Amino acid sequence: YARQHGYGPVGQLAAGVAIFRFKTVTTNSDSALLPAAIAGTVICVRNAGAATLSLYGKGTNTINGAATATNYDLLTNTSAIFFCGIDGDWSAVKSA
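All values derive from a computational prediction rather than experimental measurement.

Criteria and thresholds
- Every chain begins its residue count from 1, and numbering advances along the sequence as written.
- Reporting of local features is limited, given that this is a predicted model, to residues whose pLDDT is at least 70; pairs of side-chain atoms are given and counted only at 80 or more, and all residues count toward the totals for whole chains, interfaces and linings.
- Derived side-chain values reflect all non-hydrogen atoms in the structure, with water molecules and hydrogen atoms excluded from consideration.
- Per-residue accessibility, obtained with a 1.4 Å probe over protein chains only, is compared with the maximum for each type, and a residue is labelled buried under 20%, exposed over 50%, and partly exposed between these values.
- Note on conventions: DSSP H or I runs of at least 4 residues are helices, E runs of at least 2 residues are strands, and numbering of each starts at the N terminus.
- Two strands qualify as a pair provided DSSP detects at least 2 bridges between them.
- Working definition: rings of Phe, Tyr and Trp (its six-membered ring) pair if their centres are within 6.5 Å, and the pair is stacked with planes under 30 degrees apart, edge-to-face with planes over 60 apart, and tilted otherwise.
- Charge over a ring is defined by NZ of Lys or CZ of Arg lying within 6 Å of the ring centre and within 35 degrees of the ring normal.
- Here, axes are lines fitted to C-alpha atoms. For helices the fit covers the stretch in contact, and angles between N-to-C directions go from 0 to 180 degrees.

### So, the pairing of strand β4 (residues 53-56)
Piece 1. Side-chain alternation along β4 places L53 and L55 on one buried face and S54 and Y56 on a second face that is also buried.
Piece 2. Across 3 bridges, the pairing between β4 and strand β6 (residues 72-74) is antiparallel. For L53, the partnering residue across the bridge sits in β6 and is L74.

See below:
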């Protein structure tokens, strides 16, 4: 994965991998870019770091219908399942 301290999306999570665990999240808004939203794709993301992780959709992809380039935050010790039913549109369900 790629991360950057508080400056928006930097790198893309590898395609073809179903589970991502972020352990080194040291500053709020460290970020990662989800793979392209392709119908039928399901991925899990876990924030095991010490700060909030901001996730972004690739290019014009959206997350839960929010505007393009809107971040989806995962607090410390939380997870989310991202699934795509329509190309370009991620849906996400966050753990408690």
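### Some details on the sheet that holds strand β5 (residues 62-63)
Piece 1. Taken together, the 5 strands give an open sheet; going across it, the order is β1-β3-β7-β8-β5, and neighbouring strands pair in mixed fashion. Two strands close off the open sheet at either side, each with one partner strand: β1 (19-22) and β5.
Piece 2. Alignment of strand β3 (residues 42-47) against strand β7 (residues 78-86), held across 6 bridges, turns out to be antiparallel. Residue R46 lies in a different strand from β7, and its bridge partner there is S79.

### Description of the packing of aromatic side chains
Piece 1. Under the definition given, this model contains 2 aromatic pairs.
Piece 2. Ring centres of Y72 and F82 lie 5.4 Å apart, and the angle between their planes is 70°; on these two criteria the pair is classed as edge-to-face. A residue pair is termed long-range when its members are at least 10 positions apart, and Y72 in strand β6 and F82 in strand β7 qualify at 10 residues.
Piece 3. Taking the centre distance of 6.3 Å and the plane angle of 85° together, the rings of F82 and W90 count as edge-to-face.
Piece 4. On the basis of relative accessible area, F82 is assigned to the buried category, the value being 0%.
Piece 5. According to the relative accessible area criterion, W90 is buried, its value standing at 0%.
Piece 6. Members of the aromatic cluster, each reached through a chain of ring pairs, are Y72, F82 and W90.
Piece 7. Cation over ring: K94 sits above Y72, and NZ or CZ is 4.5 Å from the ring centre.

### Some words on the sheet that holds β4
Piece 1. Read across the open sheet, the 3 strands follow the order β2-β4-β6; overall the sheet is mixed. The open sheet terminates on both sides in strands that have one partner only, identified here as β2 (30-33) and β6. In this sheet, adjacent strand axes meet at a mean angle of 30° when their direction is disregarded.
Piece 2. Pairing geometry for β2 and β4, over 4 bridges, is parallel. From the neighbouring strand, D30 faces β4, where its bridge partner is L53.

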